[in-house]
Amino acid sequence: MILTKGEALRRGILILFLAIVLIGIVFGIGFGTYMCVMNSCYKHSSPFEYLESYAEVKSVFSRNKKVLFPDFSALKLDESTTDYEVTYASHFRRKPLGYVVIGNSTIAGETIRFRLSCETPEYEKTWGTRLSRAQYDQDRVYNYHELQLDTKSYSEDVFFRVDGYLYGLEAQYHHAPADSGKPPIDNNALIALKDEVHEIMLDYINALFEEVKAK
């Protein structure tokens, strides 16, 4: 069949239109799939990252020379129970805002869970913090503890803020569960344990406080 010039032109325009539509559909599907995958990754990506060692934590903060990494050997943490975590400004993990080192230590035959943390000034703006600047002054060490004889538990929190950088050390103790076979600690032993942990924490945080101020 011989097409007139007008019919050939219309058919050519129709073919071109269909080609553009098909390209648009393919591109749309591809782009939609890409965005779906990326959104899924970001949705499940956390701004909190667990690392393998203290050295990795230091590496993450290599550009921030104000962040201090205290020697925590005095806490005698069991390396097999120690975790290292870094908090970022977002799930893109480009700007680190704080770190946490958590591990168990054995004191007077009991397991104490220590938590050493550092938060940069930007941490509070991004994620908030349990320690409000309006409530706690800078350049001062604060200490709070709670001893519960009825539940055989003890907790303590020691912290300070210098130049907007918040450093804290927390301790948690809970008696062994009933099925552990270990007899519960008596009140006198628990009070003695509290006093020993309290002294360790104050010595540690005061030394760190002086080190941060001198930096």
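Values in this document were obtained by computation on a predicted structure and should not be read as measured data. (Residues numbered from 1 in each chain as written. Predicted model: local features only at pLDDT ≥ 70, side-chain atom pairs only at ≥ 80, totals over all residues. Heavy atoms only, no water.)

Quick notes on the pairing of strand E5 (residues 142–148)
Cut-off, in case you're wondering: One bridge is not enough; two strands pair if DSSP finds at least two bridges between them. Here a helix means four or more residues in a row that DSSP labels H or I, a strand means two or more in a row labelled E, and each is numbered from the N terminus.
Where E5 meets strand E6 (residues 153–162), seven bridges bridge the pair, whose relative direction is antiparallel. Its bridge partner lying in E6, Leu147 is registered against Tyr154. Linking two consecutive strands that pair antiparallel, namely E5 and E6, is a turn of four residues; a positive phi of about 55 degrees is found at Lys152 within it.

Notes on the pattern of salt bridges
Pairs can form between side chains of opposite charge once their charged atoms are near each other. What counts here: Salt bridge, as used here, is a side-chain nitrogen of Lys or Arg placed within 4 Å of a carboxyl oxygen of Asp or Glu.
Under the criterion given, the structure shown has six salt bridges. Arg113 is the salt-bridge partner of Asp83, the closest N and O atoms lying 3.8 Å from each other. Here Arg113 lies in strand E4 (residues 110–119) and Asp83 lies in strand E2 (residues 83–88), a separation of 30 residues in the sequence. The partner of Glu210 in a salt bridge is Lys213, with the nearest N and O atoms 3.9 Å apart. With Glu210 and Lys213 both in helix H4 (residues 187–214), this residue pair falls three residues apart, about one helical turn.

A look at the nonpolar core
To keep things clear, this is the line we draw: Working definition of a nonpolar core: buried Ala, Val, Leu, Ile, Met, Phe, Trp, Tyr and Cys residues. They are joined through side-chain atoms within 4.5 Å. Remark: exposure states derive from per-residue accessible area (1.4 Å probe, protein chains only) relative to the maximum for the residue type, with buried under 20%, exposed over 50%, and partly exposed in between. Contact between two residues is taken to exist if any of their heavy atoms lie within 4.5 Å; hydrogens are not considered.
In terms of nonpolar packing, the biggest core is built from 39 residues, with Tyr54, Val57, Phe72, Tyr99, Phe114, Tyr167 and Val197 touching the most fellow members. If one sorts the elements of this core by residue count, H4 sits on top with nine residues. Setting aside anything within four residues of it in sequence, one finds Phe114 in contact with Leu75, Leu77, Val101, Ile102, Gly103, Ser105, Ile107, Leu169, Glu170, Ala171, Val197 and Met201.

Concerning the confidence of the model for the protein
Worth spelling out the cut-off: Scored from 0 to 100, pLDDT reflects the predictor's confidence in each residue.
Residues at a pLDDT of 70 or more form 76% of the protein, whose mean pLDDT is 83. The low-confidence segment residues 29–44 (pLDDT under 50) makes two contacts with residues lying over four places distant or belonging to another chain.

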